[in-house]
Amino acid sequence: MRFFGWLRRPAPDSAAAEPPSRGWQWLGGRRHLANSLYVMPKDAEEGERLDLQHHLLRIALGRNSYPRLRQPRAILDIACGTGIWGIEMARDFPKAEVISFDYDRTAFENSAQKQKLIGIPANFHFQVHDALQGLPFEPNRFDLTHLRFVGSFVSRQRWPWLLKEMERVTRPGGYLEVVELEDLRSPSPAFNRFKEVGKRLLDMRDLHQFPAPYVAEYMEQARVKQIQVKRVILGTGRQSERQQRLLVADTLAIWTNLQPIIVKVGLLADEEYTRLLEQLKEELPRMGVEMPILFTFGVSQG
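Analysis parameters
- Residues numbered from 1 in each chain as written.
- Predicted model: local features only at pLDDT ≥ 70, side-chain atom pairs only at ≥ 80, totals over all residues.
- Heavy atoms only, no water.
- Salt bridge = Lys/Arg side-chain N within 4 Å of Asp/Glu carboxyl O.
- Helix = DSSP H or I, 4+ residues; strand = E, 2+ residues; numbered from the N terminus.
- Buried < 20%, exposed > 50% of the residue type's maximum accessible area, 1.4 Å probe, protein only.
- Axes fitted to C-alpha atoms, helices over the stretch in contact; angles between N-to-C directions.
- Parallel < 35°, antiparallel > 145°, perpendicular 65-115°, else oblique.
- Contact = heavy atoms within 4.5 Å.
- Nonpolar A, V, L, I, M, F, W, Y, C, P; charged D, E, K, R; others polar.
- Expected span 1.5 Å × (residues − 1).
- Bend = angle between axes of the 7 residues up to and from the residue.
- Pairing = 2+ DSSP bridges.

> Sorry if this is basic, but what is going on with the pattern of salt bridges here?
When the charged atoms of two side chains with opposite charge come close together, those side chains can pair. Throughout the structure, instances matching the rule amount to 24 salt bridges. Among the salt bridges present, the one from R193 reaches E196, with a minimum N-O distance of 3.5 Å. In this pair, R193 and E196 are both assigned in helix α5 (residues 189-204), 3 residues apart and thus about one turn of the helix distant. Assessed through its relative accessible area of 24%, R193 is described here as partly exposed.

Here it is in structure tokens:
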């Protein structure tokens, strides 16, 4: 996998190549959803970052899911991005039906080209669907419903509703699992300036900057039982050097990808943003970064 592919920023051939009905816009040469809360681009480069992030979590946790499943029959991954989590779960549980869906196919298709080298399992299925339109499945279908890093498009008001939808489609005794950011921290001055600007952007859109501390309460509102919260701090531990390399690449990609939208809404001028980004590229490998993640999971009552 090319973890640093996001450094290449080729311009699209033509914005007209996108069907206008899908509601896309081009900002700074990056493909974004129009009329959406979603702050990140939806293109192949962002897909590479999501795959990097997945591998970082897999290294830190040692597996793909905190709950230890026993012979699941059906697994759902909501707003799956590249689909890599679902593909790996399908390999881990070859007798289970694994369904992953996302609003757009771009990131999945880019990742699928790589997956073809080792094959996509026959029990894995990708669908196009918008999670904010509800989950298009009957009640009590899945043994595990999984949600990861959706704070960039799920508003504070919509979180309780989404958790109730997850509970609805999870069978009695099955698990709901939500993986979200608790914080991002670094002594880098440029990093902390970006962190402040990022919070302002998310506040403008009624989005949590760090949703993880609220998830357990949202699960309680959805009548989920036996809720547990486990913390994993990326960038530390026995493999800290390897994690730091990946985490620095991920963090630089986040702020590279956010430049068009932050400049558009007027939180920073393009020149100032570019200067800060260069400062961040110099500071972060020296000063390091940590990413505390909360795995919040519980059992559905059906």
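Okay, back to it.
> Whenever I open this one, the packing of helix α1 (residues 44-61) against helix α2 (residues 84-92) confuses me. Can you help?
Working note: a packed helix pair is described by the angle between its axes plus the distance between those axes. Direction vectors running N to C along α1 and α2 enclose 45 degrees, while the axes themselves pass 10 Å from each other. The angle between the axes of α1 and α2 places the two elements in the oblique class. Here D51, H54, H55 and R58 of α1 come into contact with α2, specifically with I84, W85 and E88. Split by residue class, the contact of α1 with α2 holds 2 nonpolar, 2 polar and 3 charged.

> What exactly am I supposed to notice about helix α8 (residues 270-287) here?
Note: α-helices contain 3.6 residues per turn, so residues at a spacing of three or four share the same orientation. Given a rise of 1.5 Å per residue, 18 residues ought to cover 26 Å, and the 25 Å separating the end C-alpha atoms of α8 matches this to within 8%. At K281, α8 is deflected by roughly 25 degrees, the largest bend along its length, and proline P285 occurs up to four residues later in sequence. Within the sequence span of α8, burial applies to Y273, L276, L277, L280, E283 and L284. Tucked inside the fold, the buried residues of α8 contact α5 and α7 (240-264). Following α8 by one or two positions, G288 has its phi on the positive side, about 80 degrees.

> Any chance you could explain the pairing of strand β6 (residues 142-148) here in plain terms?
Both faces of the sheet carry side chains from a regular strand, because those side chains alternate between them. Within β6, 7 of the 7 residues are buried, which leaves the element mostly enclosed by the surrounding structure. The sheet contact formed by strand β3 (residues 74-78) and β6 spans 4 bridges and is parallel. Counterpart to L76 in the pairing with β6 is T145. For β6 and strand β7 (residues 170-181), the ladder comprises 6 bridges, and the chain directions are parallel. Residue pairing in the sheet places L144 in a bridge with Y175 of β7.

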